[in-house]
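Topology and contacts: notes
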Amino acid sequence: MKRRWNIALAPLSIASLVLAALITPGEALRADDALLPADRSIPEVIDHYINAKLERLNVQPASPASDANLQRRTMLDLVGRIPAAVEARQYTESNEPAKREQLVDRLLESPAFVRHQANEFDTLLMYGTKMSLNDYLQEAFAENRPWDQMFREMIVGQEDDQEQKGAIQFVKGRIDDLDKLVNDTSVVFFGVNVSCAQCHDHPLVLEWTQNHFYGMKSFFNRSFDNGGFLGEHEYGDVSYQTPSGEKRDARLMFLTGTVLEEPEMEPPSEEEKKAQKKLLEELKKQKKAPQPAEYSRRERLVEIALEVSQREFFAKAIVNHLFYRFYGNGLVMPIDQMHPENPPSHPELMDWLARDLIAHNYDLKRLIRGLVLSDAYARSSRWLGEGRPLNSTFAVMTVRPLSPNQYATTLKMGSMSPDHFEAGMTSDDIDNRAGGVAKNASSIARLFDQPREDFQVSVTEALLLSNSERIADDLLRDANDSLVGKLKTIEDDRQLAETAVLNVFARPADDEEVKQLTAYLAERKDQREAAIRQVVWALLAASENRFNY
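Bear in mind the structure is a predicted one, so any value in this text is a computation, not a measurement.

Digging into the pattern of salt bridges
- Evaluation of the coordinates by the stated rule reveals 37 salt bridges.
- R251 is paired through a salt bridge with E261; the nearest N and O atoms lie 3.3 Å apart. Of the two residues, R251 sits in the loop between strand 5 (247-249) and strand 6 (264-265) while E261 sits in the loop between strand 5 and strand 6, which places them 10 residues apart along the sequence.
- A salt bridge links R546 to E461; the nearest nitrogen and oxygen atoms lie 2.7 Å apart. Of this pair, R546 sits in the loop between helix 26 (528-540) and strand 8 (547-548) while E461 sits in helix 21 (residues 459-467), and the two are 85 residues apart along the sequence.
- Look at E461 and you get buried, because its relative accessible area is 7%.
- Through salt bridges that share partners, R81, E87, R106 and D431 make up one connected network.

Quick look at the packing of helix 24 (residues 493-505) against helix 26
- One way to put it is that helix 24 packs onto helix 26 with a least axis distance of 10 Å and a crossing angle of 30 degrees. Helix 26 is crossed by helix 24, and the crossing has right-handed handedness. Only R528, I532, L539 and L540 of helix 26 make contact with helix 24, whose side of the interface consists of D493, L496, A500, V501, V504 and F505.
- Of the residues assigned to the contact of helix 24 with helix 26, the class counts are 8 nonpolar, no polar and 2 charged.

Examining helix 12 (residues 210-217)
- For helix 12, the buried fraction is high: 7 of the 8 residues fall into the buried class.
- Residues of helix 12 that are buried include every one of Q210, H212, F213, Y214, G215, M216 and K217, and no others.

Notes on the nonpolar core
- Counting 102 residues, the largest nonpolar core has L125, W147, F189 and F190 as the members making the most contacts within it.
- Counting residues per element, this core draws most heavily on helix 15 (residues 311-327), at 10 residues.
- Counting 43 residues, the second largest nonpolar core, distinct from the first, contains A84, I532, V535 and V536.

Details of the pairing of strand 3 (residues 229-232)
- Strand direction decides the pairing type here: strand 2 (residues 223-226) and strand 3, joined by 4 bridges, are antiparallel. Each residue of the ladder has a partner; that of S223, found in strand 3, is E232.
- Between the antiparallel neighbours strand 2 and strand 3 lie 2 residues, among them G227 with a positive phi of about 65 degrees.

Topic: the packing of aromatic side chains
- For the structure on display, the rule yields 19 aromatic pairs.
- Counting every residue linked through ring pairs, the aromatic cluster contains F121, F141, W147, F151, F170, F189, F190, F254, F313, F314 and Y362.
- Over the face of the ring belonging to Y91 we find K99, whose NZ or CZ atom lies 4.6 Å from the ring centre.

Some words on the side chain of N134
- Tracing the backbone shows N134 in helix 8 (residues 134-142).
- Among the polar contacts made by the side chain of N134, one reaches the side chain of N119 at a distance of 3.0 Å.
- Contact partners of N134, with chain neighbours within four places excluded, come to A118, N119 and D122.

What about the packing of helix 7 (residues 111-126) against helix 15?
- Helix 15 packs onto helix 7 with a crossing angle of 115 degrees between their chain directions and a minimal axis gap of 13 Å. Classed by the angle they form, the pair helix 7 and helix 15 counts as roughly perpendicular. Helix 15 is crossed by helix 7, and the crossing has right-handed handedness. Across the interface between the two elements, H116, Q117, E120, F121 and L124 of helix 7 pack against I318, H321, L322 and R325 of helix 15.
- Of the residues belonging to the contact of helix 7 with helix 15, the class tally is 4 nonpolar, 3 polar and 2 charged.

Things to note about the side chain of S223
- Position of S223 among the secondary structure elements: in strand 2.
- Side chain to side chain, S223 and R298 meet in a polar contact 2.7 Å long.
- Apart from the residues lying within four places of it in its own chain, the contact partners of S223 are I175, G231, E232 and R298.

Brief notes about the confidence of the model for the protein
- Summing up the model confidence of the protein, the mean pLDDT is 91 and the portion of residues at 70 or higher is 94%.
- Contacts from residues 1-28, a stretch scored under 50 in pLDDT, to residues over four places away or in other chains number 65 contacts.

Cut-off values and rules
- Residues numbered from 1 in each chain as written.
- Predicted model: local features only at pLDDT ≥ 70, side-chain atom pairs only at ≥ 80, totals over all residues.
- Heavy atoms only, no water.
- Salt bridge = Lys/Arg side-chain N within 4 Å of Asp/Glu carboxyl O.
- Helix = DSSP H or I, 4+ residues; strand = E, 2+ residues; numbered from the N terminus.
- Buried < 20%, exposed > 50% of the residue type's maximum accessible area, 1.4 Å probe, protein only.
- Axes fitted to C-alpha atoms, helices over the stretch in contact; angles between N-to-C directions.
- Left-handed = near helix turned anticlockwise from the far one by under 90°.
- Contact = heavy atoms within 4.5 Å.
- Nonpolar A, V, L, I, M, F, W, Y, C, P; charged D, E, K, R; others polar.
- Core = buried A, V, L, I, M, F, W, Y, C linked by side-chain atoms within 4.5 Å.
- Pairing = 2+ DSSP bridges.
- Phe/Tyr/Trp six-rings, centres within 6.5 Å; stacked < 30°, edge-to-face > 60°.
- Lys NZ or Arg CZ within 6 Å of the ring centre and 35° of its normal.
- Polar contact = N/O pair within 3.5 Å; in protein donor to acceptor, adjacent residues only side chain to side chain.
- Parallel < 35°, antiparallel > 145°, perpendicular 65-115°, else oblique.
- pLDDT = per-residue confidence, 0-100.

Next up, the structure:
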């Protein structure tokens, strides 16, 4: 095939000009002088913009969460587990002014942070597929790989490169359904659900037309599976039909409406097609990957998405995903509807965070650290006033359901004897031992569904906790390293109640809890062992364990 390399921006259509007028670089990322200075810290900026809006709304935010509450919240978010009893006691009793920052920094450097982020991002990236990116993500987060590099590796990664091995599963897991691949890519990396524009122009959002959907689909239409390896042709276009029956050829077009010119080339001859087909069949037999295309449309997607005038979609999408994950509400909601007719709740904050992420080489660990050190993140989830404010004000912390891994690990940690984590152990030793608990919890994790928006505990889950002998046998073991085994050695009922609550909830028991538990134990003196098992089971199955609050 003969080609002439002349890649430039094509003239925009009228619809694209309208879009460009609505989403220009100057508006997508506000001018520097309209935002707080770049040298401010992330927590400072988050609190500045959130508090400024609360003041305008005349809303007094919730009080700060207790030390125990905040420690539990932070550990669940950063390493996917609750504190061991010894950690909870040490943290709440500490008078160190910088203990919160020290906790966050220690967690960020632990192997558990890598493991948990890989789990969380694997769910974000591969939900709805049968493949996993976990091995790749473990390597990427271990070296704090920049998000833009990870994006490139997931879209165009080479399978024979050990550093990015497995990253291309993002595309391979969806290659048999290009429509899903297009929409999932748009949602995950750009915060835009374009599925409504597949059959017709979006009725409510001017910016999403059929041109946009099929323009995005054109970035993937030449990709194909060849015996489990991903290949890409250097020819082939997309055509579609409008609601009026008109047939159109799609142009290679990004979400902003930017249309890309491509190399001009002569279509391959029949002999060339036969030769290529034969080569692909031979590579399939040899279990080898096809040679990368000299011109790759997927590579072009990465390039245009990361160009200065386009990358705000990319940076803002991951900022919004992480804000949603750590605060329970995105700056844009729903998180897959980032378009001009659905502006952020705090537009300047979104712009500042996107600018900061780009300026710091897409460092996700740095962004996460900033998100969890703000005063807004540290607020109580309990609203004591009248008329609870909207989640989008961030005046009070949103209660969030735990992921299957978090929930299973929480149950396992709560069921272990407090002596499993001895007072003299170092933080690293506790992390390592807790890692073993988390690994053992994986079999239970498979029994729970991944929570989505508007999560409610299902009847199936409630029955599972009530009736599953497998879970009961696992969590209520009478052994030296179990909570049941430990509580059996405690004769004083008050001490027993306090030990149980601290171990399961990672916080001190209140007077009412101690009163109820000791009363229950007193009523069942003749069946003390069974009573202890019921106490542990009641605490483990409590809704307090199901959520991060």
